[in-house]
Amino acid sequence: MPVHRSGLPRIRALATAGAVLLAVVSLPRTAAAAESAPAAPPRGSARMGAGVLAHDGRGGLPSVRATRTEGVDVSSHQGDVAWTTLWNSGVRWAYTKATEGTYYTNPYHPQQYDGSYDVGMVRGSYHFGTPDTASGSAQADYFVDRGGGWSADGRTLPGVLDIEWNPYGDACYGKSQSAMVSWIRDFLDQYRYRTGRDAVLYTATSWWKQCTGNYAGFAATTPLWIARYASTVGELPAGWDTYTMWQYTSTGPTVGDHDLFNGTPDGVRAFALG
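Here is a short report on the structure shown in this document. In this text the structure is predicted, and so the values were computed from the model without any measurement. (Residues numbered from 1 in each chain as written. Predicted model: local features only at pLDDT ≥ 70, side-chain atom pairs only at ≥ 80, totals over all residues. Heavy atoms only, no water.)

## Comments concerning the pattern of salt bridges
- Tallying each qualifying case throughout the model produces eight salt bridges.
- For Arg 192, the salt bridge is made with Asp 189, and the minimal N-O distance between the two is 3.2 Å. One end of the pair, Arg 192, and the other, Asp 189, are both in helix H6 (residues 177–195), three residues apart, so they sit about a helical turn from each other.
- Residue Arg 192 is classed as partly exposed on the basis of its relative accessible area, which comes to 31%.
- Judged by its relative accessible area of 37%, Asp 189 is partly exposed.
- The partner of Glu 235 in a salt bridge is Lys 209, and the shortest N-O contact between them spans 2.9 Å. You can see Glu 235 sitting in the loop between strand E7 (224–227) and strand E8 (245–249) and its partner Lys 209 sitting in helix H7 (residues 205–212), a full 26 residues away along the chain.
- Within the structure, one salt-bridge network assembled from shared partners comprises Asp 141, Asp 145 and Arg 194. (Salt bridge = Lys/Arg side-chain N within 4 Å of Asp/Glu carboxyl O. Helix = DSSP H or I, 4+ residues; strand = E, 2+ residues; numbered from the N terminus. Buried < 20%, exposed > 50% of the residue type's maximum accessible area, 1.4 Å probe, protein only.)

Next up, the structure:
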């Protein structure tokens, strides 16, 4: 049986060599797959309208603006904003991101919030809600305590809850439609308790349908800021028969996100006053 004994090591060697070769050949494919997988953006980087273009696309631009007033919304992505340039172009109101979740504060908020006020604009702050990280009431408190408050001076707009597609994971933040409605209610109730004003709700109709089941119960008290990049606002979420503000593009001059208030400049100031 010596022939058979001498053949065993040879068979083992061939098997080992084949396994090594297979592993070496498969390595580049594994690395390429890892490189092609999109990385999640860092927490804190979310901004108003972050998911609108990807989910709803872009159409035309509004044609009738005579009874509407131009505004902008900004975040840390814009850094220090050229507010005089925007004022000279006809922008009369602005919102700046103040907070996200209970873990992020916009470092540019003071320049953006105070700078818009200094050139004559009516301005306010918004909070990017992340229902998967903390309760609605906790996030409302975090927002109010870090620049999201309101005062009846005619120049300060009520705070905004930006609730839309999750840029960090599941579109609805892992919540059922009823749980999402409860989270939003928790935020709105706490904001009203802290400031005496109803917060504005920023959202897109398609997200609202998907993640709340097109809930209509907030419309009676909550002003709507609708997101739709088209020539008309289109269908509104259930319960609202009109909008207060409309984010109509993410590609405007000077600052990308441009908005229309559904009224005159005097109407903007009256809305701020409450």
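## Topic: the packing of H6 against H7
- In contact at an axis separation of 7 Å, H6 and H7 are set at 115° when each is read in the N-to-C sense. As far as their axial angle goes, H7 and H6 are roughly perpendicular. Here H6 contributes Gln 177, Met 180, Val 181 and Ile 184 to the contact with H7, which in turn contributes Trp 207, Trp 208, Lys 209, Gln 210, Cys 211 and Thr 212.
- Its residues assigned to classes, the contact of H6 with H7 shows six nonpolar, three polar and one charged. (Axes fitted to C-alpha atoms, helices over the stretch in contact; angles between N-to-C directions. Parallel < 35°, antiparallel > 145°, perpendicular 65-115°, else oblique. Contact = heavy atoms within 4.5 Å. Nonpolar A, V, L, I, M, F, W, Y, C, P; charged D, E, K, R; others polar.)

## Concerning the pairing of strand E1 (residues 69–74)
- Within E1, six of the six residues are buried, which leaves it mostly tucked inside the rest of the structure.
- Of the strand pairs in this sheet, E1 and strand E9 (residues 258–261) are connected by four bridges, and their pairing is antiparallel. Note on E9: the bridge partner recorded for Val 72 is His 258.
- As paired elements, E1 and strand E2 (residues 93–100) share four bridges and run parallel to each other. Across the sheet, the residue bridging to Asp 73 is Tyr 95, located in E2. (Pairing = 2+ DSSP bridges.)

## Remarks on the packing of aromatic side chains
- As enumerated under the stated definition, the model contains 14 aromatic pairs in all.
- Pairing Tyr 95 with Trp 225 gives two aromatic rings, centres 5.1 Å apart and planes at 50°, and the pair type is tilted. Of this pair, Tyr 95 sits in strand E2 while Trp 225 sits in strand E7, and the two are 130 residues apart along the sequence.
- Given the relative accessible area of 0%, Trp 225 is considered buried.
- Ring centres 6.2 Å apart and planes at 65° place the aromatic pair Trp 246 and Tyr 248 in the edge-to-face group. (Phe/Tyr/Trp six-rings, centres within 6.5 Å; stacked < 30°, edge-to-face > 60°.)

## Digging into helix H8 (residues 265–273)
- Among the residues of H8, those classed as buried are Val 268, Phe 271 and Ala 272. Each buried residue of H8 sits inside an arc of 100° when the element is viewed along its axis, so together they form one side.
- Tucked into the core, H8 has its buried residues touching E1, E2, strand E4 (122–128), strand E6 (200–203), E8 and E9. (Arc of directions from axis to C-beta.)

## Thoughts on the pairing of E7
- Neither face of E7 is exposed, since Leu 224 and Ile 226 on one face and Trp 225 and Ala 227 on the opposite face are all buried.
- The sheet contact formed by E6 and E7 spans three bridges and is parallel. Bridge pairing links Leu 201 to Leu 224 in E7.
- Of the crossover connections in this fold, the one passing from E6 over H7 to the parallel E7 is right-handed.
- Pairing geometry for E7 and E8, over three bridges, is parallel. Along E8, the bridge assignment pairs Trp 225 with Met 245. (Right-handed = clockwise from strand over helix to strand, strands pointing away.)

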